[in-house]
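# Chain and residue survey
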Amino acid sequence: MITTKVELTPVNQNGEDGRTIVSGRGSPALAVGRLGDFFYDTLNGYFYGPKTFAGWGVGTRIGQQGWTPIPGIANDGGRRVLQVVDWQGGSGAKPATLGYLGSAGIVSDIAEAIDVRGATGDPTAAEIVTLIADDEPAQTGLLDALGVDASIDRVKIFDTRTQSPVLAEVDPAGAIVRQVFENRPRANQLDVTKVLTRATYAGVPIIDTDRRIVGFVSAGEPSQAAYPEDDIRAFAPGIDLTGTIDESAALKGAHDAAAAAGLTSLYIEGPINAPSAIFLGDVHFRTRTGKGRLIGTYRKRVIPETAAPLAALNDVVPETHLAAWNAAVAAATPSAPAILCYMSDSWGQPNQLVGATSYFEELLRQALWAQYGTKALDGSIVIVNRAIGGSTWLDAAGVGNAASVPGWYLDPEADWLDYVTTLDLTGDGLTAAEAPHLVILAFGMNHGAVMEAATFDAIEHVVDTVQAISPAPDVLLVPGTVPSSMSPTRGAKVAQEARASMAGIVRSVAAMRGLGVIDFGRQFDAAHWGFDPRLPSFQRVRDANAAITLPYAWPEETSDFAINITVPDTDAAFWATGDGLLTVTLSSVPGNVLILERDSGTGNIAVTVNACTGRTSIPRTVTELAGHVGYGGVLSITARGPSLYVMWRWSVVLNRPVIRGGGQFTPTIGFGGASIDVTANIVARANLPAVNPYLTDAEAWGNDGTDAGDIGGNDENHLSEPGRSEIFAKLFHSTRFR
């Protein structure tokens, strides 16, 4: 049986107005004062009162002319009474009469005095204590009478008994018309003072299963009218902007409501703590004042309205990265063309609306037309598509995925790379004598886990094989994007971080080998997330010169980090700690670490960098820096993108690119499990610069999951038409090929 329980409890009970003494020259008029008041005639010395419906009555002369009583308050148990404690302002002898104000004037017995507090008044408002509403027709009338939307499945408000009010509904004049109370302490509860200093709140709060206020059911004029349309408080009335309580549910609710209303931005002007809020990709959070901040949210942040566009980087320098390609283009003719070949994990037209070939290929061709003119139009430049959908670096290093190979993959036993190194396999008019002059490698979207040794080997094998083609072609690498954060599968942190980590690895491989990059990942992070992952500054996470104990973990996740420590004892004691191997994690990739040690043979510092478990990025190298010098040695380590900078006693140990995964992780430093105290001069994390975002997930990936959607895309990992235009087109056209 469906039941609805409604209890009404008095709140905001107002007493009758209390008594006071009014004074004036001459006898009082009927309109002067209120019922129960007293009046003193300062001209003639008469005292009147208390006033009744009949008027002031006959006054009592209480002293020589001009004396005014000084009233005071006296306690009589639970009563409060007025008393004459002295006289002032008169001439001649001061009246000797002192006492309490009773119905007949001044009395000596406090029991005869009038209680000026008055009787307790009737309740002026009532609170709904508990309301459980079901979508049954029988409930509609009751819910309508209470001003509650019957479509709300569960609404709870808090008990007034023995508690102070925590939320109030006020009218336009600021008077309380309803209060909400809690029936047990909650860490995220608002107090009435805070509420009353904000704006008008109207309606019944909606409480989620964790007893957090996540919205309001409107009653009368909606409180949302107090805020601009794009203010988060218009969609989450009462949301806490101090960062002190968990507002994850309220933030998610506001995001969903704003997206449903067609908004792409919400403004936040204070810190919001939302550590468990996810799927926030369809609305950008902005701030006009610079005070907005999200605490605990993964990737999502509040972007200042003043944020600048993404800065251009010289990721492709034609003289350095494309010398062979441009030499081939200069000599190319339609009968002996310059050949650009690309391998990628998307070969056809996945969820795109226009184009006979891959959008990647079409936009690349348009960029070449713009930069090479006639050469790109008369057949002197040929683009060869060697992409296979749904693939990874592991597939690229071996036989192509038989389930999705395109028509040009004629020999199912051949390696995928054979179709790049030997272009005549497909019967498309190219001969054995022809080889690519430029190869673009674009993989990463389909890597759902962090890198392991096999993946590292595959990347190395693919790049080595391409660079071994004779004559050697130029190679460009493409760090990929993260997929839609609104996807139930690819939107989870582990799935997002796997792609972000792979993008960092691709940037690292390019930096170590001196290759150019077309950075789709950076472009997408800026356009959608509103930050630049490649130009971080640093921000302290501990006070300067703080004592820490190794092993030490950073207090929060970061993409890049820095630490500077002073050894309090001798160098010898420091490098002899535990197993003597000081290990620093470089990314979320298992085994991606920096190892520093004192070489037992020379006594000098030795350095090793591992790309992942079982694979080396920088082989162990013994430096010329002595490990044992004296007391107070200083060690400094900075990891910024692919670059790793290490100093010992202010001399450089290592300063070069290494293999590092991208994305968020918790850096650690220590000698295994052995403990040693040091002084941390600097412990810092990355502060990624804000840039102006302009693509929501719905805009970047589509919003209905079908090719028939208005803008294409698949809601997950196939870009929509706007997404391809903003990521592919912008980058191809801004990349300098010549």
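Residues numbered from 1 in each chain as written. Predicted model: local features only at pLDDT ≥ 70, side-chain atom pairs only at ≥ 80, totals over all residues. Heavy atoms only, no water.

## Side note on the overall build of the chain
Secondary structure assignment for the chain yields 15 helices and 39 strands. Counted over contacts in the chain with a minimum sequence separation of 6, partners at least 24 positions apart contribute 62%. Just so you have it, the chain exposes about 31,200 Å², and 52% of that area is on carbon and sulfur atoms. (Helix = DSSP H or I, 4+ residues; strand = E, 2+ residues; numbered from the N terminus. Contact = heavy atoms within 4.5 Å. Areas by Shrake-Rupley, 256 points an atom, 1.4 Å probe, with all protein chains shown as cover.)

## Observations regarding the packing of aromatic side chains
Under the criterion given, the structure shown has 25 aromatic pairs. A centroid spacing of 6.5 Å and a plane angle of 10 degrees characterise the contact between Phe574 and Trp648, whose relative ring orientation is stacked. One end of the pair, Phe574, is in helix 13 (residues 571-575); the other, Trp648, is in strand 36 (residues 643-648), and 74 residues separate them in sequence. On the basis of relative accessibility, which here comes to 0%, the residue Phe574 falls in the buried class. Where Phe574 meets Phe671, the ring centres are 5.1 Å apart and the plane angle is 80 degrees; that geometry is what we call edge-to-face. One end of the pair, Phe574, is in helix 13; the other, Phe671, is in the loop between strand 38 (668-670) and strand 39 (676-687), and 97 residues separate them in sequence. An identical accessibility class is assigned to Phe574 and Phe671; each is buried. Through pairs of rings, three or more aromatic residues link up here, namely Tyr342, Phe360, Phe520, Phe728 and Phe732. (Phe/Tyr/Trp six-rings, centres within 6.5 Å; stacked < 30°, edge-to-face > 60°. Buried < 20%, exposed > 50% of the residue type's maximum accessible area, 1.4 Å probe, protein only.)

## Observations regarding the sheet that holds strand 7 (residues 79-88)
Pairing within the open sheet is antiparallel, and its four strands lie in the order 6-7-8-9. Lying at the two open borders of the sheet, with one neighbouring strand each, are strand 6 (68-76) and strand 9 (105-107). Recorded for the sheet is a direction-independent mean angle of 45 degrees between the axes of neighbouring strands. Taken together, the nine bridges between strand 6 and strand 7 define a ladder with antiparallel strand orientation. In the sheet register, Ile70 faces strand 7, and the bridge partner there is Asp86. (Pairing = 2+ DSSP bridges. Axes fitted to C-alpha atoms, helices over the stretch in contact; angles between N-to-C directions.)

## Looking at the pairing of strand 31 (residues 582-585)
As paired elements, strand 31 and strand 32 (residues 593-598) share four bridges and run antiparallel to each other. Bridge pairing in strand 32 links Val584 to Leu594. Bridge analysis of strand 31 against strand 38 gives two bridges, and the strand direction is antiparallel. Residue pairing for strand 38: Val584 is matched across the bridge by Ile669.

## Details of the environment of Arg61
Along the chain, Arg61 turns up in strand 5 (residues 60-61). The partly exposed category is assigned to Arg61, whose relative accessible area is 47%. The sequence separation of Arg61 and Tyr46 amounts to 15 residues, and the corresponding C-alpha distance is 4.2 Å. Residues in contact with Arg61, not counting those within four places in the same chain, are Asn44, Gly45 and Tyr46.

## Side note on the environment of Pro337
By the element assignment, Pro337 lies in the loop between helix 5 (323-331) and strand 22 (338-344). Sequence separation between Pro337 and Lys375 is 38 residues; the distance between their C-alpha atoms is 9.2 Å. Residues contacting Pro337, with those up to four places away along its chain left out, are Ala332, Gly379, Ser380, Ile381, Val382, Glu434 and His437.

## Here we look at unusual backbone geometry
Residue Pro471 is reached from Ser470 by a cis peptide bond, and omega for that bond is -5 degrees. With phi around 65 degrees, Arg299 is a residue other than glycine that occupies positive phi space. By the secondary structure assignment, Arg299 is in the loop between strand 20 (293-295) and strand 21 (302-304). On the accessibility criterion, Arg299 (14% relative accessible area) is buried. You will see that Trp650, though not glycine, has its phi angle at about 65 degrees, which is positive. Along the chain, Trp650 turns up in the loop between strand 36 and strand 37 (651-657).

## Let's talk about the nonpolar core
Of all hydrophobic cores here, the largest spans 46 residues; its most connected members are Trp325, Ile440, Ile518, Phe520, Phe732 and Phe737. Apart from residues no more than four positions distant in its own chain, Ile518 is found in contact with Val316, Leu476, Leu477, Val478, Pro479, Leu731, Phe732, Thr735 and Phe737. Counting residues in hydrophobic clusters, the runner-up holds 41 residues, among them Ala458, Val463, Val466 and Val589. (Core = buried A, V, L, I, M, F, W, Y, C linked by side-chain atoms within 4.5 Å.)

## Describing the sheet that holds strand 4 (residues 46-48)
Read across the sheet, four strands follow the order 2-3-4-5 without closing on themselves; strand pairing throughout is mixed. Looking at which strands have only one partner, the edges of the open sheet turn out to be strand 2 (21-24) and strand 5. Here four bridges tie strand 2 to strand 3 (residues 38-41), and the two strands are oriented parallel to one another. Directly across from Gly24, in strand 3, lies its bridge partner Asp41.

## Some remarks on a negative patch on the surface
Negative charge collects at one region of the surface, where Asp411, Glu413, Asp415 and Asp418 lie side by side. The exposure class assigned to Glu413 is exposed, which follows from its relative accessible area of 65%. (Patch = residues over 30% accessible without salt bridge, like charges linked within 9 Å, V, L, I, M, F, W, Y side chains within 5 Å. Salt bridge = Lys/Arg side-chain N within 4 Å of Asp/Glu carboxyl O. Lys, Arg positive; Asp, Glu negative; His and termini not counted. Charge placed at Lys NZ, Arg CZ, Asp CG, Glu CD.)

## Observations regarding the side chain of Ser636
Considering the arrangement of structural elements, one finds Ser636 in strand 35 (residues 634-640). With a relative accessible area of 14%, Ser636 lands in the buried category. If we skip the residues at most four places from it in the chain, Ser636 touches Ile563, Asn564, Tyr645, Val646 and Met647.

## Let's talk about the environment of Pro533
Positionally, Pro533 belongs in the loop between helix 12 (520-529) and strand 27 (537-540). Sequence separation between Pro533 and Ala500 is 33 residues; the distance between their C-alpha atoms is 9.8 Å. Those residues in contact with Pro533 that sit more than four places away from it in its chain are Arg507, Arg522, Asp525, Asp560 and Leu688.

## Overview of the pairing of strand 24 (residues 438-442)
With five of five residues buried, strand 24 is to be regarded as a mostly interior element. Of the two faces of strand 24, the one lined by Leu438, Ile440 and Ala442 and the one lined by Val439 and Leu441 are each fully buried. Bridge count between strand 22 and strand 24: five bridges; the pairing is parallel. Among the inter-strand pairings, Ser344 is bridged to a residue of strand 24, identified as Ala442. Across five bridges, the pairing between strand 24 and strand 25 (residues 474-478) is parallel. Note on strand 25: the bridge partner recorded for Leu441 is Leu477. For the crossover that starts at strand 24, traverses helix 10 (residues 453-467) and ends in the parallel strand 25, the hand is right-handed. (Right-handed = clockwise from strand over helix to strand, strands pointing away.)

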